[in-house]
Amino acid sequence: MDPKRPLRRKYWVWALGWTLAIYITLYPVRPVCEFLKRTIPFELWINIFLAACLSGIAILFFRKYKVTDFRGYVLLLITVSGYLYGLATIPHPEEKIHFIEYGILAYLVFRALRLDHGAGAAYAGAFALTAALGWADEGIQHLLPNRYYQTSDVALNAVSGLLGLLLVYVFQRTRS
């Protein structure tokens, strides 16, 4: 029996589960967000929530990995700046959530692919699959009565995946 089989199954189940969670919430998220926009300072709460998520992810990575060289710090600065810029300039809270979701998805897909492929192939495959899943997300939205397809969101999902993979790269190359 292949010793990687249980781990492979676990990692792909996480990636598939995360993808399904994104897709399943596509229809109800719009009415929920509209309700919340009318009842609370929704955008402020989303910004606080996403800042907490990014901080939590950073803490998890920093506990496990150490960035020890200048190049690592530059890449980390670029990644964090990319996420902060995106979160500051993306106008809709729902899109801000996607910005984080697809970064996490890219990490989960990378982790699953890395079991069977070299680092380069795993990064390329994770980016391609994340971008394709982000495109499928927009395709599903096109079919929903309360959502619509936007090419800019396809690009946003892909950029989010790329930033997530860049973050993974920074910490993978400095594994302690």
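Structure's up top.
Residues numbered from 1 in each chain as written. Predicted model: local features only at pLDDT ≥ 70, side-chain atom pairs only at ≥ 80, totals over all residues. Heavy atoms only, no water.

Draft legend 1. Structural detail: the environment of Leu 162. Summarising the element assignment, Leu 162 is placed in helix α7 (residues 151-172). We classify Leu 162 as partly exposed; its relative accessible area is 49%. (Helix = DSSP H or I, 4+ residues; strand = E, 2+ residues; numbered from the N terminus. Buried < 20%, exposed > 50% of the residue type's maximum accessible area, 1.4 Å probe, protein only.)

Draft legend 2. Geometry of the nonpolar core. By size, the foremost hydrophobic cluster in this structure holds 18 residues, and its most contacted members are Tyr 23, Val 109, Phe 110, Ala 126 and Leu 165. Those elements giving two or more residues to this core turn out to be α1 (5-24), α5 (93-114), α6 (119-143) and α7. If you tally residues by element for this core, the top one is α5, at seven residues. If we skip the residues at most four places from it in the chain, Val 109 touches Trp 12, Ala 15, Ala 126, Leu 129 and Thr 130. One finds Cys 33, Phe 42, Ile 100 and Leu 156 within the second-largest nonpolar core, a separate group that totals twelve residues. (Core = buried A, V, L, I, M, F, W, Y, C linked by side-chain atoms within 4.5 Å. Contact = heavy atoms within 4.5 Å.)

Draft legend 3. Structural view of the pattern of salt bridges. One pass over the full model with this rule turns up six salt bridges. The shortest N-O distance in the salt bridge between Arg 8 and Asp 2 comes to 2.9 Å. Residue Asp 2 is classed as partly exposed on the basis of its relative accessible area of 32%. On the basis of relative accessibility, which here comes to 22%, the residue Arg 8 falls in the partly exposed class. One salt-bridge network, in which partners are shared between bridges, spans Arg 30, Glu 34, Lys 37 and Glu 94. (Salt bridge = Lys/Arg side-chain N within 4 Å of Asp/Glu carboxyl O.)

In short, shape yes, function no, at least from these values alone.
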